[in-house]
Amino acid sequence: MSTLWQDVRYGARVLWKSPGFTLMIVCALALGIGANTAIFSVVNAVLLRPLPYAGADRLVWVESRNPPKGIMSSNSSPPDFADWRARTQTFEGLAAFISGGVVLTGGDDPERVATGAVTANFFDVFAARPVHGRTFSADEDKPGAEPVAVLSHALWQRRFGGDPNIVGSKLSLNAKPVTVVGVIEPEFDYPRQAALWVNLAVDAAAERRDNRHLQVIGRLREGATIEEAQAELDVVMRALAADNFETNAGWDVRLVGLQEQIVGGIRPALVLLLGAVGFVLLITCANVANLLLARAASRRREIAVRAALGASRSRITRQLLTESMLLSLIGGALGLLLSVWLTELLVALSPANAPRFDEIAIDPRVLLFTLGVTCAVGVAFGLAPAWQTSRVDLTESLKEGAHGAAEGWRRNRLRRLLVVSEVALSLVLLVGAGLMIRSFMRLGEVEPGFDPSHVLTARVGLPATKFPDPRQRAEFFKRLNEKLETLPGVEAAGATLSLPLRGSNYSVGRGFIPEGRPQTPDESINASYVVVAGEYFRAMRIPLKAGRLFDERDDAEGATHVAIISETTARRHFAGQDPVGRKLHLWRDSKVPNEIVGVVGDTKTQGLEGDFGAQVYVPYAQDTGWSALSLTVRTSVEPTSLAPALRDAVRSLDRELPAYDVKTMDDVVASSVADRRASTLLLSVFAGVAVLVAGLGIYGVISYSVAQRTHEIGIRMALGAQGRDVFSLVVGQGLSLVAVGVVVGVGAALLLTHLMRSMLYGVSATDPWTFAGVAAVLVGVALLACVVPARRATRVDPVIALRYE
């Protein structure tokens, strides 16, 4: 131990004597280790750390699918859910819920809060316990049960000041009295950001099997596997399809771990970023190793003296590794501090709906990761220089000026290998960033089918207790749109059930059958079903292609049921004929057909990446079963400036109705690509850092080579070599390293970029333009890195240079 302490003190003195050198290495290491720690803290919180529920590994997500219809993710119907509960043995419990929101009134201003309408065993499935009162009882699961609520701990503290007497009190939710029966533990938050939960009290026997509106969570029995549960449900679904062909033909279920369901969408991006910062750290290690090798030349006489005095090679190696570990530990400590800021930056850059990002923190696992990386880095960049430096030839090293021959360009293979590695790793990162950038640019060129500029949106929900009559709801939105159109700066106002690009976080799919086709499940065509009111098409600037738009005649009582279809729907399902005037049946949803009165342009419903699917529009006056619509207001002024007037317009019709989720359609478009934007930005930053570090590495090697070859260059110039010859010689040496690195990097990139295919849009993983552009960038950086030392070499004075030896 005393020997180790001696090595540490000696190493500290050595590093203190070279503050500039030490600071350069420590800063490089802090950046590399800090970036890795920050990304790992995100990966740890999102992917590695279990969900904050007891036995979270046994929680599974149950979703319905209909692959023959192209429906790969859907909710489930109450009758199917009831059959799953009755016919399966592998689940300890199955619970259903509906995510939504209610207007909470009383006391403070009206507030819309996120809710979950859940079955009575919902909290039991999650093993969540109340801190006050109780959760729901079995009786409260039955149809007609008294409405009750369980509050989240956060809402209890924020809105009710942690009142211990809250249990038993009444709340007004959507103008309906609801009794509070409990407050759940602080850790529980599912569905995400839910402020309270109410009893679902659904009557499965009275529901249709094709009315799929429930989300289902299950807890596996102890010892049961997800594969066993999947096999059991497959048997149940086949039986249901046989007994209920019209509603269940083609439908099955898919089980996936709840954590995978929550974070699976962001996993590829996080893994990609973790790999990218790993590459940055490797490049940093290579660069630091190069710096240590350069510094080792100046210490050859020191090492030789120590060896002459009896120090063994292992003793010298241990001393040098101790110095490397000191550098790494200092860099790791600074990197940990830097990671706190970088983590906050990552959270700020992340999409608003990024799962589990609110759980990111520096915990013991992150600290252990940082310590492990720091130690590994210290050995990685210190071992090769220490091993090479400890190989001393006492006779040559103690000779004055022997360093030039010993460190000649041809013999310095290790340093050249490190530079080649830096270039290759940088190229892989640059190619990945280039592909992401090109993909993002292609996505930005996609036409969404509407004009998002100058459109303000907001969601308004009408409580059933205050608006029980469908005609009341239709009249409310008609009056609201008329009021909005009178506001200064408003060009058109409308409303819709679901905004494009999932801007409402809500979408409805319904099947339709063109007139003249058999009314059977096999003929049903799945389509996006959109209910609209007012001047929705004009507000969104969705172009009319044929026929007409909805107007007042479609709002009249007893009017013919009408529909507007999208261009793709007309082309695919009414090929060779004019769809205007023809009819379609909304399969199992309407007893009378809808006459097609118009064809409009396609819009992107789920995201910019997907193809245009079938779309059917109907006027709200003919389907008023929906209590919440998204307003769409086209303005001639800055849209957000009208937000207060929009809220006032809603409150003028009902003072207890808040307009919520207020945003612009530009925000909706930006949000639809927010995850891609964040991944592209971060990967580009890491690639830029890698190129900068690689450029510094090339500069260092060439500068050191010029310094070591001053005598040789002097002889060449004394024998008649011109400045341009020396310049070409030095630059050629640097570019030769880059050429080898580019070749190696291209090969590695071709092997690795196929892993990114799922994250690309409109560009191949082997896009030749990207590869060529990246290679050109690296060559340009290398050229710049070589110019300064090359020009310095051309200014060597032969007379002075010949005195070196």
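Owing to the predicted nature of the structure, the values given are computational and were not obtained by experimental measurement.

So, how was this worked out
Residues numbered from 1 in each chain as written. Predicted model: local features only at pLDDT ≥ 70, side-chain atom pairs only at ≥ 80, totals over all residues. Heavy atoms only, no water. Helix = DSSP H or I, 4+ residues; strand = E, 2+ residues; numbered from the N terminus. Buried < 20%, exposed > 50% of the residue type's maximum accessible area, 1.4 Å probe, protein only. Contact = heavy atoms within 4.5 Å. pLDDT = per-residue confidence, 0-100. Patch = residues over 30% accessible without salt bridge, like charges linked within 9 Å, V, L, I, M, F, W, Y side chains within 5 Å. Areas by Shrake-Rupley, 256 points an atom, 1.4 Å probe, with all protein chains shown as cover. Salt bridge = Lys/Arg side-chain N within 4 Å of Asp/Glu carboxyl O. Core = buried A, V, L, I, M, F, W, Y, C linked by side-chain atoms within 4.5 Å. Phe/Tyr/Trp six-rings, centres within 6.5 Å; stacked < 30°, edge-to-face > 60°. Lys NZ or Arg CZ within 6 Å of the ring centre and 35° of its normal. Axes fitted to C-alpha atoms, helices over the stretch in contact; angles between N-to-C directions. Parallel < 35°, antiparallel > 145°, perpendicular 65-115°, else oblique. Left-handed = near helix turned anticlockwise from the far one by under 90°. Nonpolar A, V, L, I, M, F, W, Y, C, P; charged D, E, K, R; others polar. 1 Å grid on protein atoms, 1.4 Å probe; cavity = no way out; pocket = protein on both sides within 12 Å on 5 of 7 lines; lining within 4 Å. Points joined across faces, edges and corners; volume = space filled by probe spheres on them. Polar contact = N/O pair within 3.5 Å; in protein donor to acceptor, adjacent residues only side chain to side chain. Pairing = 2+ DSSP bridges.

### Observations regarding the overall build of the chain
No. 1: Along the backbone of the chain there are 25 helices and 22 strands.
No. 2: Across the 805 residues that make up the chain, the buried fraction comes to 51%.
No. 3: A separation threshold of at least 6 residues defines the contact pool for the chain, and within that pool the share at least 24 residues apart is 83%.

### So, the confidence of the model for the chain
No. 1: Counting all residues, the mean pLDDT for the chain is 86, and 90% of those residues have values of 70 or more.
No. 2: In this model, residues 400–411 is a region of pLDDT below 50 whose contacts with residues beyond four sequence positions or in other chains number 22 contacts.

### Focus: a nonpolar patch on the surface
No. 1: Taken together, the side chains of Trp 341, Leu 345, Leu 349, Leu 681 and Val 685 make up a nonpolar region of the molecular surface, amounting to roughly 430 Å² of accessible area.
No. 2: Residue assignment for the nonpolar patch shows that the elements contributing at least two residues are helix H11 (313–349) and helix H21 (674–708).
No. 3: Among the elements that line the nonpolar patch, the one with the most residues is H11, at three residues.
No. 4: For Trp 341, the position within the fold is in helix H11.

### Details of the environment of Val 742
No. 1: Following the sequence through the fold, Val 742 ends up in helix H23 (residues 723–752).
No. 2: Distance from Val 742 to Val 420, taken between C-alpha atoms, is 8.1 Å for residues 322 residues apart in sequence.
No. 3: Look past the residues within four positions of Val 742 in its chain and what remains in contact with it is Val 423, Leu 427 and Ala 775.

### Some thoughts on the environment of Thr 680
No. 1: Relative to the elements of secondary structure, Thr 680 occurs in helix H21.
No. 2: Thr 680 sits 245 residues away from Leu 435 along the chain, and the two C-alpha atoms are 9.0 Å apart.
No. 3: Setting aside its immediate chain neighbours within four residues, Thr 680 contacts Met 436, Ile 437 and Phe 440.

### A word on the nonpolar core
No. 1: If you look at the biggest cluster of nonpolar residues, it comprises 69 residues, and the most contacted ones within it are Val 46, Leu 683, Phe 686 and Ile 698.
No. 2: Contributing elements (two or more residues each) for this core: helix H2 (19–48), helix H9 (267–298), H11, helix H15 (413–444), H21, helix H22 (710–718), H23 and helix H24 (768–794).
No. 3: Non-local contacts of Leu 683, meaning those with residues more than four positions away in its chain, are made with Leu 272, Leu 273, Ala 276, Leu 429, Gly 432, Ala 433 and Met 436.
No. 4: Counting residues in hydrophobic clusters, the runner-up holds 44 residues, among them Leu 462, Tyr 620, Ala 643 and Val 650.

### A short note on the packing of aromatic side chains
No. 1: This structure, assessed with the given rule, holds 22 aromatic pairs.
No. 2: Aromatic pair Phe 122 and Phe 123: ring centres 5.4 Å apart, planes at 85°, arrangement edge-to-face. The same class applies to Phe 122 as to Phe 123, namely buried.
No. 3: Classification of Phe 123 as buried rests on a relative accessible area of 0%.
No. 4: Each residue in the set Tyr 53, Trp 61, Phe 97, Phe 122, Phe 123, Phe 126, Phe 136, Phe 188, Tyr 190 and Trp 197 is aromatic and connected to the rest through ring pairs, giving one cluster.
No. 5: Positioned above the aromatic ring of Trp 251 is the side chain of Arg 212, whose terminal nitrogen or guanidinium carbon lies 3.7 Å from the ring centre.
No. 6: The ring of Phe 612 has Lys 604 lying over it, and the distance from NZ or CZ to the ring centre is 4.5 Å.

### Re the packing of H15 against H23
No. 1: Interhelical geometry of H15 versus H23 gives an angle of 45° and a closest axis separation of 7 Å. On the basis of the axis angle, H15 is oblique to H23. Relative to H23, H15 is oriented so that their crossing is right-handed. Packed against H15, whose contacting residues are Arg 416, Val 419, Val 420, Val 423, Ala 424, Leu 427, Val 428 and Val 431, the element H23 presents Leu 737, Val 738, Val 740, Gly 741, Val 742, Val 744, Gly 745, Val 746, Ala 748, Ala 749 and Leu 752 at the interface.
No. 2: Grouping the constituent residues of the contact of H15 with H23 by class yields 16 nonpolar, two polar and one charged.

### Structural notes on the layout of surface pockets
No. 1: By volume, the second largest pocket is sized at about 790 Å³.
No. 2: Every residue lining the second largest pocket is counted, 29 residues in all, and those nearest its centre are Ala 474, Lys 478, Asp 554, Asp 555 and Ala 621.
No. 3: For the lining of the second largest pocket, the elements supplying multiple residues, two or more each, are helix H16 (470–485) and strand E15 (525–534).
No. 4: Top contributing element to the lining of the second largest pocket by residue count: H16, with nine residues.
No. 5: Residues belonging to the lining of the second largest pocket are distributed by class as follows: 12 nonpolar, six polar and 11 charged.

### Examining unusual backbone geometry
No. 1: For the peptide bond that leads from Tyr 190 to Pro 191, omega is -10°, which places it in the cis range.
No. 2: Turning to its location among the elements, Pro 191 is positioned in the loop between strand E8 (176–184) and strand E9 (196–199).
No. 3: Look at Leu 501: it is not a glycine, yet its phi comes out positive at around 55°.
No. 4: Note that Leu 501 resides in the loop between strand E13 (490–496) and strand E14 (509–514).
No. 5: In the Ramachandran plot, Arg 541 falls in the positive-phi region, its phi being about 55° despite a non-glycine side chain.
No. 6: On the secondary structure map, Arg 541 appears in the loop between helix H17 (536–540) and strand E16 (544–547).

### Quick word on the side chain of Glu 63
No. 1: Within the secondary structure, Glu 63 is located in strand E1 (residues 59–66).
No. 2: Residue class for Glu 63 comes out buried when judged on its relative accessible area of 6%.
No. 3: Side chain to side chain, Glu 63 and Ser 73 meet in a polar contact 2.9 Å long.
No. 4: A polar contact of 2.7 Å, which involves the side chain of Glu 63, links it to the side chain of Arg 254.
No. 5: Not counting chain neighbours up to four residues away, the residues in contact with Glu 63 comprise Met 72, Ser 73, Ser 74, Asp 252, Val 253 and Arg 254.

### Things to note about the pairing of strand E18 (residues 583–586)
No. 1: Summarising the sheet, E14 and E18 pair through three bridges and their orientation is antiparallel. Following the sheet pairing, Ile 513 is matched in E18 by His 585.
No. 2: As paired strands, E18 and strand E19 (residues 594–600) are joined by two bridges and run antiparallel to one another. Following the sheet pairing, Lys 583 is matched in E19 by Glu 595.

### Looking at the pairing of strand E21 (residues 628–635)
No. 1: E21 sits mainly inside the fold: eight of its eight residues count as buried.
No. 2: Of the two faces of E21, the one carrying Ala 628, Ser 630, Thr 632 and Arg 634 and the one carrying Leu 629, Leu 631, Val 633 and Thr 635 are both buried.
No. 3: Of the pairings in the sheet, the one linking strand E12 (residues 455–461) to E21 comprises seven bridges and is antiparallel in character. Counted as the bridge partner of Ala 458 is Leu 631 from E21.

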